[in-house]
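One-letter residues, chain by chain:
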Amino acid sequence: MEAIAFDSDTGKATMYNVDKYYMSYGNAQKANALNKEGTVNYSFKQNDNNQTVIKLSGKMSGVPFDETLTVKTKTHGKNKDKTLNISGYKAVRDVDADKTNIVFVRASAPKTK
């Protein structure tokens, strides 16, 4: 699976490969499960249908990279064996005019006291 960490201070998104869902970014870091693929620029905007569009662009492994994620409707699921609840959005991933339906899940940051 692909995980993306957005840094609003720099306007950069770091893309990772992970082998499973983690409850948070911090948990994935602790498990040493974030295999970095690269860092790219990102932007958010609304399209004419009032859908969020995320544009990612830069170079991945020295190769030009452009990806657009169009966020559609809310969705959720539950793994009954592990009682893991996941909420996110149905989305369309467009890489080089090749569109794929995906689920875009947002992991929350760990709660602090």
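**Quick word on the packing of aromatic side chains**
Under the defined criterion, the tally for this structure stands at 4 aromatic pairs. On the numbers, 4.9 Å between centres and 70° between planes, the contact of F6 with Y42 is edge-to-face. One end of the pair, F6, is in strand β1 (residues 2-7); the other, Y42, is in strand β3 (residues 35-46), and 36 residues separate them in sequence. A residue is classified by how much of its surface remains accessible, and Y42, at 16% relative accessible area, is buried. Ring plane angle 85° and centroid distance 5.5 Å describe the contact between Y42 and F44, whose orientation is recorded as edge-to-face. Linked through ring pairs, F6, Y42 and F44 together constitute an aromatic cluster.

**Details of the pattern of salt bridges**
A side chain with one charge may pair with a side chain of the opposite charge, provided their charged atoms come close. All told, the structure shown has 3 salt bridges when counted by the stated rule. Between K55 and D66 there is a salt bridge; the shortest N-O distance is 3.9 Å. Of this pair, K55 sits in strand β4 (residues 52-60) while D66 sits in strand β5 (residues 63-79); the two residues are 11 residues apart in sequence, bridging distant segments of the chain. Residue class for K55 comes out partly exposed when judged on its relative accessible area of 34%. Exposure remark for D66: the relative accessible area of 38% places this residue in the partly exposed category.

Basis of the calculations
Residues numbered from 1 in each chain as written. Predicted model: local features only at pLDDT ≥ 70, side-chain atom pairs only at ≥ 80, totals over all residues. Heavy atoms only, no water. Phe/Tyr/Trp six-rings, centres within 6.5 Å; stacked < 30°, edge-to-face > 60°. Helix = DSSP H or I, 4+ residues; strand = E, 2+ residues; numbered from the N terminus. Buried < 20%, exposed > 50% of the residue type's maximum accessible area, 1.4 Å probe, protein only. Salt bridge = Lys/Arg side-chain N within 4 Å of Asp/Glu carboxyl O.

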